[in-house]
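# Notes for the structure review
Residue strings, one per chain:
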Amino acid sequence: FYPSSLRHRGNKWCKTCQKASSVLAQREYSRRLRQAALDRYGHACACCGEATPEFLAIDHIAGGGCAHRRALGAGKKGQNFCGSAFYWWLRKQNWPEGYQTLCHNCNAARGHYGRCPHEHIKE
């Protein structure tokens, strides 16, 4: 799992290697958790069809994502329900209904303007 270059003196880890392995492990955990969310809610934007994973996000279908994150404790000391923490919450809730995959552009447009420009084009 970890590059062999991070190990020193056989199986003993120096403090630098321990920190690096912790960062790598957290990054891999976050990647797997995000992938599980995309597996559940879709591998492409429900609005425009964008399928590049790096451009995708999970959206609250009925809106209210900011209020929902505040209710979950975002902004409290040591808590941030964005990204991995939100994916973790979704998994803990057994992937509830009411969410969809959108690309960041469509998600931001719906949040700021109430609708995505793609919706106007489709009409």
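Heads up: the structure comes first, above all this text.
A few points on the structure. Note that residues are indexed from 1 along each chain, following the sequence as it is written. At least 70 in pLDDT is required for a residue's local features to be given in this predicted model, at least 80 for side-chain atom pairs to be given and counted, and no such filter applies to totals for whole chains, interfaces and linings, which use all residues. The side-chain figures draw on all heavy atoms in the structure; neither hydrogens nor water molecules are used.

## Some thoughts on the packing of aromatic side chains
To describe a pair of aromatic rings, one takes the distance between the centres and the angle between the planes. In this analysis, rings of Phe, Tyr and Trp, with Trp reduced to its six-membered ring, are considered paired at centre separations within 6.5 Å, and the interplanar angle assigns stacked below 30 degrees, edge-to-face beyond 60, and tilted for intermediate values. This model, assessed by the stated rule, comprises 4 aromatic pairs. Ring plane angle 10 degrees and centroid distance 6.2 Å describe the contact between F86 and W89, whose orientation is recorded as stacked. Of this pair, F86 and W89 both sit in helix α3 (residues 84–92), separated by 3 residues, roughly a single helical turn. Taken together through their ring pairs, the aromatic side chains of Y41, F86, W89, W95 and Y99 make up a single cluster. Secondary structure elements follow DSSP: runs of H or I no shorter than four residues count as helices, runs of E no shorter than two count as strands, and numbering proceeds from the N terminus.

## Observations regarding the layout of surface pockets
It is the rolling of a water-molecule-sized probe over the atoms that shows where space remains empty. Think of a 1 Å grid over just the protein atoms. A cavity is a set of points where a 1.4 Å probe fits yet cannot get out, a pocket is an open set with protein on both sides within 12 Å along at least five of seven lines, and lining residues have an atom within 4 Å of a point. Grid points are joined across faces, edges and corners, and a volume is the space filled by probe spheres set on the points. Considered as a void within the structure, the largest pocket measures approximately 520 Å³ in volume. Contributing to the lining of the largest pocket are 21 residues, with I58, D59, G65, R69 and N107 lying nearest its centre. At the level of secondary structure, the elements contributing two or more residues to the lining of the largest pocket comprise β1 (56–60), α2 (65–72), α3 and α4 (104–113). Here the lining of the largest pocket gets 6 residues from one element, more than from any other, and that element is α4. Residues are grouped as follows: nonpolar covers Ala, Val, Leu, Ile, Met, Phe, Trp, Tyr, Cys and Pro; charged covers Asp, Glu, Lys and Arg; every other residue, Gly included, is treated as polar. Considering only residue class, the lining of the largest pocket consists of 9 nonpolar, 9 polar and 3 charged.

## Some remarks on the pattern of salt bridges
Should a side-chain nitrogen of Lys or Arg be within 4 Å of a carboxyl oxygen of Asp or Glu, the pair is scored as a salt bridge. This structure, assessed with the given rule, holds 3 salt bridges. Here R31 ties to E28 by a salt bridge, and the two come within 2.8 Å at their closest N and O atoms. Linking R31 with E28, this pair stays in helix α1 (residues 15–41), spanning 3 residues, or about one helical turn. One salt bridge in this structure joins E28 and R32, with 2.8 Å as the shortest N-O distance. Of this pair, E28 and R32 both sit in helix α1, separated by 4 residues, roughly a single helical turn. When salt bridges that share partners are traced, they join E28, R31 and R32 into one network.

## Quick notes on the side chain of H60
Turning to its location among the elements, H60 is positioned in strand β1. Here a residue-residue contact requires only that any non-hydrogen atoms of the pair lie within 4.5 Å. If we skip the residues at most four places from it in the chain, H60 touches G65, H68, F86, G98 and Y99.

## A short note on the pairing of β1
Accessibility here uses a 1.4 Å probe with only protein chains present; expressed as a share of the type maximum, an area under 20% marks a residue as buried, one over 50% as exposed, and anything in between as partly exposed. Among the 5 residues in β1, 5 count as buried, and that is most of the element. By the alternation rule, side chains of β1 split into L56, I58 and H60 and A57 and D59, which are all buried. Sheet analysis places β1 next to strand β2 (residues 99–103), joined by 5 bridges and oriented antiparallel. In the strand pairing of β2, H60 is matched with Y99. Pairing between strands is defined by DSSP: at least two bridges between the two strands are required.

## Things to note about the side chain of T101
For T101, the position within the fold is in strand β2. Once residues within four sequence positions are removed from consideration, T101 is found in contact with L38, Y41, G42, A44, C45, A46, L56, A57 and I58.

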